[in-house]
Amino acid sequence: MMSFSVSSQSLTPKVQVQNKDTLFCFTIPQSKVIAKHLENSRYCDSVLTQTENEVELLNQLQAIKDSSLLIMKMKTENQQSIITNQDVQIGNLNIDLKQSEKKFRQERWQKRLFATGTFIFAVLTIIK
C-alpha cells in the first residue's frame, strides 16, 4: 500500500469515521486530479530510476575507459622502451660491423703484403 499526500485548496476531502477508521472521501473531479498527480509521480519515479541506471552505466563505462587508457599508456611506454632498446642494439651492431670491416681490410692488406713478399722472396731465391 502506498501513501501519498496531495495538498491543494480544492482537494479538501470529506472526513468520515467508520468502525474506528478515518476515511477521506473525494469527489470524482478531485479523484481525477489525484490520479493525474499519481501518474505524474509514477512517471517521474520511472524517469528518475532510468536516469539513475544510465548514470551508473555511464560511471561503469567511464571506469572501463579509464582502465583502457591506463593499459594503452602502459603499452605505449613498453613499446617506447622496446624501440629504445632496439636502437641501442642497432647502434652496437653498427659499431661491430665497422670494426669487422676494418679488421677485414687489415687482414686483406696483410695477405696482399704477404703474397707480394713471398713472390719477391721466391724471385730473389730463383735469381740467386
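Definitions and limits used
Residues numbered from 1 in each chain as written. Predicted model: local features only at pLDDT ≥ 70, side-chain atom pairs only at ≥ 80, totals over all residues. Heavy atoms only, no water. Buried < 20%, exposed > 50% of the residue type's maximum accessible area, 1.4 Å probe, protein only. Helix = DSSP H or I, 4+ residues; strand = E, 2+ residues; numbered from the N terminus. Pairing = 2+ DSSP bridges. Salt bridge = Lys/Arg side-chain N within 4 Å of Asp/Glu carboxyl O. Polar contact = N/O pair within 3.5 Å; in protein donor to acceptor, adjacent residues only side chain to side chain.

**Digging into the pairing of strand β1 (residues 14-18)**
Next, step 1: Little of β1 sits inside the fold, with zero of its five residues counted as buried.
Next, step 2: The loop that links β1 with its antiparallel partner strand β2 (residues 21-25) comprises two residues; one of these, asparagine 19, has a positive phi angle of about 50°.

**What to know about the pattern of salt bridges**
Next, step 1: Here the structure, examined in full by the defined rule, presents one salt bridge.
Next, step 2: Of the charged contacts, one joins arginine 105 and glutamate 101 as a salt bridge, the two residues approaching to 3.9 Å between their closest N and O atoms. Placement of the pair is arginine 105 and glutamate 101 together in helix α1 (residues 28-127), with a separation of four residues, close to one helical turn.
Next, step 3: Overall, glutamate 101 belongs to the partly exposed group, its relative accessible area being 37%.

**Some details on the side chain of glutamine 30**
Next, step 1: Structurally, glutamine 30 is set in helix α1.
Next, step 2: A polar contact is formed between the side chain of glutamine 30 and the backbone nitrogen of threonine 27, at a distance of 2.9 Å.

The values reported here are purely geometric and, on their own, carry no functional implication.
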